[in-house]
Amino acid sequence: MRAMRAEQFSGYEALKLVEVPKPKVTDGKVLVRITAAGVTPLDHTFLIGDFHIPEKPLILGNEGAGVVEEGGGADFPAGSRVMFWGTYGAFEDGSYCEWIAVRKEDLCLIPDNVDDVSAAGIPVAYLTAQVALTLAGFRPGKTVLAPAIGGSVGNAVTQLARSLGAKHAISSTTNHAKAEQAKTLGFDEVIDTSLEKLGDGVRRITDGYGADIVIDGIGGEVLSEALKTLALGGSLTTLGYSASRKTTIDVTDLIVPQASIRSLNMFRQPRETVTDAWNAIVSLLQSGAIKPIVAKTFPLVEAAEALRYLVEGRPFGRVVLTV
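Residues numbered from 1 in each chain as written. Predicted model: local features only at pLDDT ≥ 70, side-chain atom pairs only at ≥ 80, totals over all residues. Heavy atoms only, no water.

1. What about the pairing of strand β6 (residues 81–85)?
The buried fraction of β6 is high, at 4 of 5 residues. Of the strand pairs in this sheet, strand β5 (residues 63–70) and β6 are connected by 5 bridges, and their pairing is antiparallel. Counterpart to G66 in the pairing with β6 is V82. Where β6 lies against strand β8 (residues 107–109), 3 bridges are found, and the strand directions are antiparallel. Bridging from a neighbouring strand, F84 pairs with L107 of β8. (Buried < 20%, exposed > 50% of the residue type's maximum accessible area, 1.4 Å probe, protein only. Helix = DSSP H or I, 4+ residues; strand = E, 2+ residues; numbered from the N terminus. Pairing = 2+ DSSP bridges.)

2. Focus: the sheet that holds strand β12 (residues 211–216)
Taking strand neighbours across the sheet as the criterion, the 6 strands line up as β11-β10-β9-β12-β13-β14 in an open arrangement whose pairing is parallel. At either end of the open sheet lies a strand with only one pairing partner, and these are β11 (190–192) and β14 (260–263). Within the sheet, the average angular offset between the axes of one strand and its neighbour, ignoring direction, is 20°. In the packing of helix α4 (residues 152–163) onto the sheet, the strands contacted are β9 (143–145), β10 (168–173) and β12, and the crossing angle to β10 comes to about 160°. Contacting β9, β12, β13 (230–238) and β14, helix α7 (residues 220–227) runs over the sheet at an angle of about 160° to β13. (Axes fitted to C-alpha atoms, helices over the stretch in contact; angles between N-to-C directions. Contact = heavy atoms within 4.5 Å.)

3. Notes on empty space enclosed by the protein
Under the counting rule described, the total for this entry stands at 1 cavity of 30 Å³ or more. Counted as a void, the largest cavity has a volume near 60 Å³. Residue lining of the largest cavity: G121, A125, Y126, G150, G151, S152, N155, A156, P292, I293, G317 and R318, and that is the complete set. Secondary structure elements with two or more residues in the lining of the largest cavity: α3 (123–135) and α4. Considering every element that reaches the lining of the largest cavity, the biggest residue donor is α4, with 3 residues. Residues belonging to the lining of the largest cavity are distributed by class as follows: 5 nonpolar, 6 polar and 1 charged. (1 Å grid on protein atoms, 1.4 Å probe; cavity = no way out; pocket = protein on both sides within 12 Å on 5 of 7 lines; lining within 4 Å. Points joined across faces, edges and corners; volume = space filled by probe spheres on them. Nonpolar A, V, L, I, M, F, W, Y, C, P; charged D, E, K, R; others polar.)

The following block contains the structure:
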């Protein structure tokens, strides 16, 4: 089968189209013919050698969608459309290929009203967003801030919080065109930080109250600024670093509101936590309360170009490979 494999962890040029054996079904795994694969910042982090160094060569791809061919049993009979997420593309070969053997517990049936391309970009963003909100103690009436409306997690948190009854579901962008696009798509609480500071925008929207929950997938200066928006007893969850791994914070931004900061690593989450998140997400997808946004698709052989577009082009929405 064809696969896009990182022969080294040295950059875009190291991602090569190769022919590898089609995987075989073993106990507990399901053979899935991949129709689409999500492209994530984590894929880029591995490709440039900026995370743990996994075994090489490595087929990238942390998430995907496809059709069950064998091994799914009664839960996932042959022909079922499924989406999946796990340690694929990180600690074992991933979804940038034509077939993959997926652990049954990592699969989820795709709702009938969701196409495969959209489904391929759901798992990482929405599972991360749902778990982060749950661990932060979200409940209806809370005010949530998730910077970067065009990014996968920022957009997913905003959609989920809004659909689950947040008083305010706030996001932001540094790009004026993206702010306008967000309005067109129905996101009416997006702060354009080219026009006002993040903290000023949050105070404006909340009449000075602030954010009960901040979910930050950006890091760097954004995290520092987001801390300043916390309401009394609020919390910030850090789970990404697309801007920078390093930041400087003013500890009084935590002390004065008696706020807290925590982290989230999805690879460390218990199976029950992920299952609960899947159930919540699927219900909202079926009702149309949330809808994934795909910015652009690329064929499998253009995986390097897709990653470059995601990281350097900073699109509004997901980037997906079609297989």
